[in-house]
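# Overview (structure and organization)
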Amino acid sequence: MSDKKYLEPQNGELKANEIVKFFDNVCNEKGMKLSKSAKRTRILEFMKKLSLDEKNNTCTLEDGRVVPIIVERKYEGRPVYCYCNTANAPKEEILGAFAKKFNITYISQKPEPKKEGELIAQEVLHLLDDIKVNNKKVTGTQKRARTIWLFQHIYKDSQKNICILSDGNHIPIIVKRTGENNRIGYFLNSSEHRTEVLRAFARAVKCTYLEDKENDITPEKKKKGELTSRDCVKVFHEVEDCPLSEISKGSKEKLLEWFNYIYYKRPDLNKVRLPDGSQVDVFVRRISRSQRCVCLNTSDATIKPFVLKRVAEISKSKICLSNLDLSNDDKKQLYKSLYILALASDKSTKACDKEYYHAYAQKAFLASKVKTPCLTVDDYLLSKVNKKR
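Let us look at the structure shown here. What you see is a predicted model, and the numbers here were worked out from it, not measured in a lab. Every residue gets a number counted from 1 within its own chain, in the order that chain's sequence is written. Totals for whole chains, interfaces and linings use every residue, but because this is a predicted model, local features are given only for residues with pLDDT of at least 70 and side-chain atom pairs only at 80 or more, for both listing and counting. For the side-chain quantities, the full set of heavy atoms in the structure was used; hydrogens and water were omitted.

## What to know about the overall build of the protein
The cut-off we apply is this: A run of H or I in DSSP counts as a helix once it spans at least four residues, and a run of E counts as a strand once it spans at least two, with each numbered from the N terminus. Radius of gyration here uses only the C-alpha atoms, and the compact-globule reference equals 2.2 Å multiplied by the residue count raised to the power 0.38. Each residue is placed in one exposure class: buried if its accessible area under a 1.4 Å probe, protein chains only, is under 20% of its type's maximum, exposed if it is over 50%, and partly exposed if it falls in between. Should any heavy atoms of two residues lie within 4.5 Å, those residues are counted as being in contact. Note on areas: Shrake-Rupley with a 1.4 Å probe; residue coverage comes only from the protein chains shown.
From N to C terminus, the protein includes ten helices and 21 strands. For the protein, whose C-alpha radius of gyration is 31 Å, the value lies well above the compact-globule estimate of 21 Å for 389 residues. Projected onto its principal axes, the C-alpha positions of the protein cover 105 × 60 × 35 Å. Burial statistics for the protein: of 389 residues in total, 43% are counted as buried. Considering only contacts within the protein whose residues lie at least 6 apart along the sequence, 58% involve residues at least 24 apart. On the protein, roughly 23,000 Å² of surface is accessible, and the fraction owed to carbon and sulfur atoms is 48%.

Right, here's the structure in full:
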């Protein structure tokens, strides 16, 4: 800024922190929407940029006057600061012109408060599946960010932001509301027509609305040792396509489909019988980092080998024990599993089953770190039998 004589701020002229509430869709260079201090800093950057561009820093008012949008002001002994020229011109026209210069949204009045039942993107994440970026399904933080972006995208597209109700009436899918802390946001228009609006949103963005989860209760938190489909990719090889698959997919996607298929569609298959005759669930539903997921019931190391074997049977896959990590399993449970696996091997009639139980027992024996000179599980169990005689 030059060393010219500056006026002091006049009554009615507004600084960045005073006008930030009037603008929306303020983004950084990467197109990410900003809020709070980052949004205010960006607005100030725009003001400084415009004040330095004399030709661009003008607007024509409705009364015909051509006036600057941003003016530079200075108190004696203080640095120069940028203000909106809202003392001698209508605020709506100046702020509206400023918004047009930088392709942001000017909000003359705040939207009405959110209604009961209207939902932000984060509140429906568990009901939406197949959210994609560049044709690749995303989860976790990426899924949340993408869904928030989709809310904004649909709101701005008047042709897509339409939900047709059963009676033929049209309502918007996404609405802009004033939410908590007096902040403006994008909400699903679900106060009265929740199901219809969610279906319309899913169609508009080409994702899946999981209606069967609507009345779902919050599951338990994921326990240590329980395995997600992602955790199992290296363990299960040659996984066959799930009956629900329309096209052949990669191992990770196949396992995820099997997990969901058995848990949600075929609960009759979601059991495995243990050597003592009892039955336990193969798959359990959990919540992990706010995301609901189906996991293997493997928090107990004594039932883990039988759960894994059952998954392999269902998906007609092969278990790669060399890729199975037992180092974090409970050592006492691993030790107990040696005897359970030996019992299972004795009861088995198939050579392949005996081979599996023996190989798993050897891996569990090494992972349990039993203090013994024995190098194999066979020698160790035999030594225990000999001591009892």
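Don't stop here, the text continues.
## Details of the pairing of strand 13 (residues 184-188)
Quick note on the threshold: By definition, two strands form a pair when at least two bridges between them are found by DSSP.
The buried count for strand 13 comes to four of five residues, which makes it a mostly enclosed element. Both strand 12 (residues 174-178) and strand 13 contribute to a ladder of five bridges, which runs antiparallel. Bridge pairing in strand 13 places Lys176 opposite Tyr186.

## Details of the state of the cysteines
Worth spelling out the cut-off: By convention in this document, the label disulfide applies to cysteine sulfur atom pairs within 2.5 Å.
Counted under the stated rule, the structure contains zero disulfides. With no disulfide of its own, Cys82 lies 9.2 Å from the sulfur of Cys84, the closest cysteine sulfur. For Cys82, a relative accessible area of 2% gives the class buried. Free of any disulfide, Cys207 has its nearest neighbouring cysteine sulfur in Cys163, separated by 14 Å.

## Quick word on the packing of aromatic side chains
Convention followed: By convention, a stacked pair of Phe, Tyr or Trp rings (six-membered ring in the case of Trp) has centres within 6.5 Å and planes under 30 degrees apart, an edge-to-face pair has planes over 60 apart, and any other such pair is tilted.
Summed over the entire model, instances satisfying the criterion amount to 16 aromatic pairs. Geometrically, the ring pair formed by Phe365 and Tyr380 is tilted, given 5.5 Å between the ring centres and 35° between the ring planes. With Phe365 in helix 9 (residues 351-368) and Tyr380 in helix 10 (residues 377-388), the pair connects residues that are 15 residues apart, well separated along the chain. Each member of the pair, Phe365 together with Tyr380, is buried.

## Things to note about the sheet that holds strand 20 (residues 291-296)
One open sheet accounts for three strands, arranged 15-19-20; its pairing is mixed. Because the sheet does not close on itself, it has two edges, and the strands there are strand 15 (220-221) and strand 20. Note: strand 15 against strand 19 (residues 283-288), two bridges, orientation parallel. Directly across from Glu220, in strand 19, lies its bridge partner Arg286.

## What to know about helix 5 (residues 194-205)
Our working rule: Each helix should span, by expectation, one fewer than its residue count multiplied by 1.5 Å.
With twelve residues, helix 5 should cover 16 Å at 1.5 Å per step; its first-to-last C-alpha distance of 17 Å lies within 8% of that length. Considered for burial, the residues of helix 5 that qualify are Val197, Leu198, Ala200, Phe201, Ala202, Ala204 and Val205. Downstream of helix 5 by a residue or two, Lys206 has a phi angle that is positive, lying close to 60°.

## A look at the nonpolar core
Generally speaking, soluble globular proteins have nonpolar side chains that are buried together. Definition in use: Here, the term nonpolar core denotes a set of buried Ala, Val, Leu, Ile, Met, Phe, Trp, Tyr and Cys residues that are joined through side-chain atoms within 4.5 Å.
Counting residues in each nonpolar core, the largest one holds 44 residues, and the members touching the most others are Phe236, Phe283, Leu296, Leu308 and Tyr360. Counting only elements with at least two residues in this core, the list comes to helix 6 (251-265), strand 20, helix 7 (304-315), helix 8 (331-347), helix 9 and helix 10. Of the residues forming this core, the biggest block, seven residues, is contributed by helix 9. With near-sequence residues (within four places) excluded, Leu296 lies in contact with Glu226, Leu227, Cys232, Phe236, Phe259, Val282, Phe283, Val284, Val307, Leu308 and Val311.

Shape descriptors only; they carry no functional weight alone.
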